[in-house]
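Listed below, chain by chain, are the residues.
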Amino acid sequence: MNFYKNIIKADYLQRTRSYGFLITLLVSVYVANSFIPAYDSHYSTVRVSNFVGRNNSVWIGHVTAVMASTFLWLIGFYLVNDSIRRDKETGVGQIIATTSISNFAYLSAKALSNFCVLLTITFIIILMALGIYFFRGEGGNFDVIQFVLPYLLATIPSIFLVSVLAIVFEVTFGNRTNLLNVTFFFLFGIIIAKTNVGNNLALVYIDPLGIKYITNQMVEAVNTISLGNTNGFSAGYFFSDKQKKQYFDFQGSSWSIYYILSRIIWIAIGFGLLFITSKIFNRFDSKNIVLFKKKSPDFINPKIKTELKEIQLSELPKIKPHFALFPIIKTEFLMLIRKGPKWFWLINFGGMIALFLFPLKEAYQIGLPVLWFLQINRWADLSTKEKFFGTSNFIYSSFNPIKRLLTSQILAGFLLGIFLALPIVIRHLIEGNSIAVLAIIIGSLFLVSFASFTGIVSGGKRLFEILFFALTYAIVNGVSYVDYFGGFHQGYQYFSIMAVVLFLLFIISFSFRNHEIKNQ
Amino acid sequence: MKLEIKNISKQYTKSIFGLQDFSMVIENGILGLLGPNGAGKSTLMKIIASISNPTSGQILLDGVDIVKNPNQIRQILGYLPQDFGVYPNLNAYEFLEYIAAMKGIGGPNLKDRISKLLEGVNLIGAAKKPIGTYSGGMKQRVGIAQVLLNDPRILIFDEPTVGLDPEERVRFRNLISDLANHCIVILSSHIVSDIETIADKVAIIKNGQLISHGYQQDIIDTVKNKVYELEIDSNDFNSFKENHLILNTIRKKDKILVRYIGDEKLPDAMLCNATLEDSYLFQTKNK
């Protein structure tokens, strides 16, 4: 059992010592604080029809546990889904592969390490929930059982499952990270789609997040005090000044033995998934290694060795200074479009055709952000690939690298965004809606600048993946508050805000990169 | 061309220095940098290559401070870092075009120059294949080709022979000798024989400080008439090791042939010609 402890400890320390994890913790604190809105705030999170619970310990415990389950599925997966890939990239995987550790033991240890990372965030959320109770709560008795049980029964099994899923996806999809990200996005969408249980009580037991049982209890509590029989449950962030909230005292859930059993079964399913995955885990004997041996030009063409030449300095043609950005943009664009499997472009072209055919409003508000999201892998390492691929030393020692390279990268990424949005752009131009076209241009520029900014600030692509996922999920669910591409607003205020945001992103990105290079 | 390094320090924390008050003048020719791991060789090269800023000090290139004006050196620099990677989805030709654009060079002859360079590093046959399929040695040769894209006048090679086979190492040494006629070449290597064969001058660095700098022969002369070889009994080896600085050992049947440094000749010991490696080991272990 000692190896479990050692792998989990090493993996946990490696992740939590990163700058990205610190940022995630800070974001978690902010998000956890927003789970329970103040009475005078203009938004709500968990609501049954117009009813919202008073901020007693039971309501705070239930709501923060429900929101934590959702939040940690939403971002947790993207936070931890590089566990095996990192072992592969660092070469540690090949060392592990030569040890006696079984596939199941290795994958279980990795899943438990993922779980520990997410448990740390859960712990922070619980602390925030306690803080909310003491500083913004109603006071009264602190019901420890009703405060803790939602976490114990819903959140903790839920984050265990997402930790396992991250491992299952990594093993199944291997290097196809784009497909991995996109598949999870749709899986999450399906799982979370129906929070409203209604009469179909079986749904509460087949819910991996475990939140539907709790939300059903809230609905039942409201039905005992309201005249009508409501099923109108909603969870998320809802911004409205007009909707009146009615407050009720939520006394807690009755915890059925079937629900508790269902949560234990979900944990068992998690281990079962790990067991099945361990049968297909290749133990770092990747296809790349085989391909390399087969296709290495030295290997297939030994003649190269017999025709050795030397560089003749005097024969090298003279070159001229040429500071244009076009060749850099061209190559950056090439790298963007070559990323991922070639067949993925069939999906992209399919998406572009759909943007032509779907009703313009849906194509613009849903189709376009989803199609952009499919490119998450292309944009995520736009400004960090020098570090990842180890080219930074000779690229940063070239002429005026910060201004020329970062500008070219942003422009190349922007061109990709605009290319994918062409069907919508053309349709808007035909309609004479140049404002919408401008909004799409700004949206594309924002996405790419945001990818660069998050990459430079966090030093990796994970932060962008998490935020882009959350952003797209919110947009698809109609949260106009996070509209970055003018799908919901195209007024003067929108353009002013985006101009300021873009300006700040550029300034911070260039300053951070400058500082980073000088302090290598 | 003259590169003056004046009192350069690179401080990481209050007590950890990469370089400490380092000064040296480098002129056309080949300078070999020697030093144990963590001595500060790569830090010095990164600072000269303008990708790392010193905490204090100046580097003057023909009188111009390149810490303040890094583009001054970047236009004439060819740099091969110790650990570098490539973009696996580009082929060698596209990758070199990209680096050329980054270096701010072009013109009608660029394609021809890239072809000639790829031919010279024996990669022309694989030039159109993704670099992701290359072996370590082939990637190293792509690195060498990118160094020469811009007609550099200052060349910095950090452990350049890693991954090269013996034949390629010989060709690389010939190339450096050609370059040294009109350029400053700074070369670091753990393989002392690589430096010994081609460097005019040698600098030995330890703990971020310059402990020796000069013509190769002058460095070797520091251990002249001090290097001996002696065959000793295997059982006596440990006590011998405690009292002498051992440079090399060759195990024989019951004996060990020991190469060591000593101020006085021991009975049966044989005086040997000193090498750069002897001097390097003597200086890094003693100082």
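Residues numbered from 1 in each chain as written. Chains lettered and ligands numbered in written order. Predicted model: local features only at pLDDT ≥ 70, side-chain atom pairs only at ≥ 80, totals over all residues.

J.: Please clarify how the overall build of chain A should be interpreted in this entry.
T.: On a plain count of helices and strands, chain A comes out with 24 helices and five strands. In terms of overall dimensions, chain A is globule-like: its C-alpha atoms have a radius of gyration of 26 Å, near the 24 Å expected for 520 residues. For chain A, the C-alpha atoms occupy an extent of roughly 90 × 65 × 45 Å along the three principal directions. (Helix = DSSP H or I, 4+ residues; strand = E, 2+ residues; numbered from the N terminus. Rg over C-alpha atoms; globule rule 2.2 N^0.38 Å.)

J.: Sorry, what's going on with the sheet that holds strand β9 (residues 184–188) of chain B here?
T.: Strands in a sheet are paired, the pairing made by backbone hydrogen bonds, and the direction either parallel or antiparallel. Residues and elements named next belong to chain B. Read across the open sheet, the six strands follow the order β6-β8-β9-β3-β10-β11; overall the sheet is mixed. The open sheet has two edge strands, β6 (77–80) and β11 (209–215), and neither has a second partner. On average, each strand axis in the sheet is inclined to that of its neighbour by 15°, with strand direction left out of account. As paired elements, strand β3 (residues 29–34) and strand β10 (residues 201–206) share four bridges and run parallel to each other. Note on β10: the bridge partner recorded for L33 is A203. Taken strand by strand, helix α5 (residues 136–147) contacts β6 and β8 (154–158), and its axis lies near 170° from that of β6. (Pairing = 2+ DSSP bridges. Axes fitted to C-alpha atoms, helices over the stretch in contact; angles between N-to-C directions. Contact = placed C-beta atoms within 7 Å.)

J.: Explain the packing of helix α3 (residues 92–103) of chain B against helix α4 (residues 110–120) of chain B here, please?
T.: Residue and element names in this part refer to chain B. Contact geometry for α3 and α4: axes closest at 10 Å, N-to-C directions at 125°. Taken together, the axis directions place α3 and α4 in an arrangement best described as oblique. Note that α3 runs across α4; the crossing there is right-handed. The residues of α4 that touch α3, namely those facing A92, Y93, L96, E97 and A100, are L110, I114, L117 and L118. Class assignment of the residues belonging to the contact of α3 with α4 gives a composition of eight nonpolar, no polar and one charged. (Parallel < 35°, antiparallel > 145°, perpendicular 65-115°, else oblique. Left-handed = near helix turned anticlockwise from the far one by under 90°. Nonpolar A, V, L, I, M, F, W, Y, C, P; charged D, E, K, R; others polar.)

J.: Where do I start with the pairing of strand β14 (residues 255–261) of chain B in this structure?
T.: Looking along a regular strand, one sees the side chains alternate between the two faces of the sheet. All names here are of chain B. In this sheet, β14 lies alongside strand β12 (residues 227–233) in antiparallel orientation, the contact comprising seven bridges. Among the inter-strand pairings, E231 is bridged to a residue of β14, identified as L257. Where strand β13 (residues 245–251) lies against β14, six bridges are found, and the strand directions are antiparallel. Along β14, the bridge assignment pairs N248 with R259. Where β13 hands over to β14, the hairpin turn is made up of three residues, counted between the paired strands.

J.: What's the story with the packing of helix α22 (residues 434–458) of chain A against helix α24 (residues 492–518) of chain A in this structure? I'm lost.
T.: Two packed helices can be described by the angle between their axes and the distance between those axes. All names here are of chain A. Where α22 meets α24, the closest approach of the two axes is 9 Å, and the angle between their N-to-C directions is 30°. Between α22 and α24, the interaxial angle falls into the category roughly parallel. As α22 runs across α24, the sense of the crossing is left-handed. In this structure, α22 contributes I442, L445, F446, S449, F450, S452, F453, I456 and V457 to the contact, and α24 contributes M498, V501, L502, L505, F506, I508, S509, F512 and R513. Classifying every residue of the contact of α22 with α24 by side-chain character gives 14 nonpolar, three polar and one charged.

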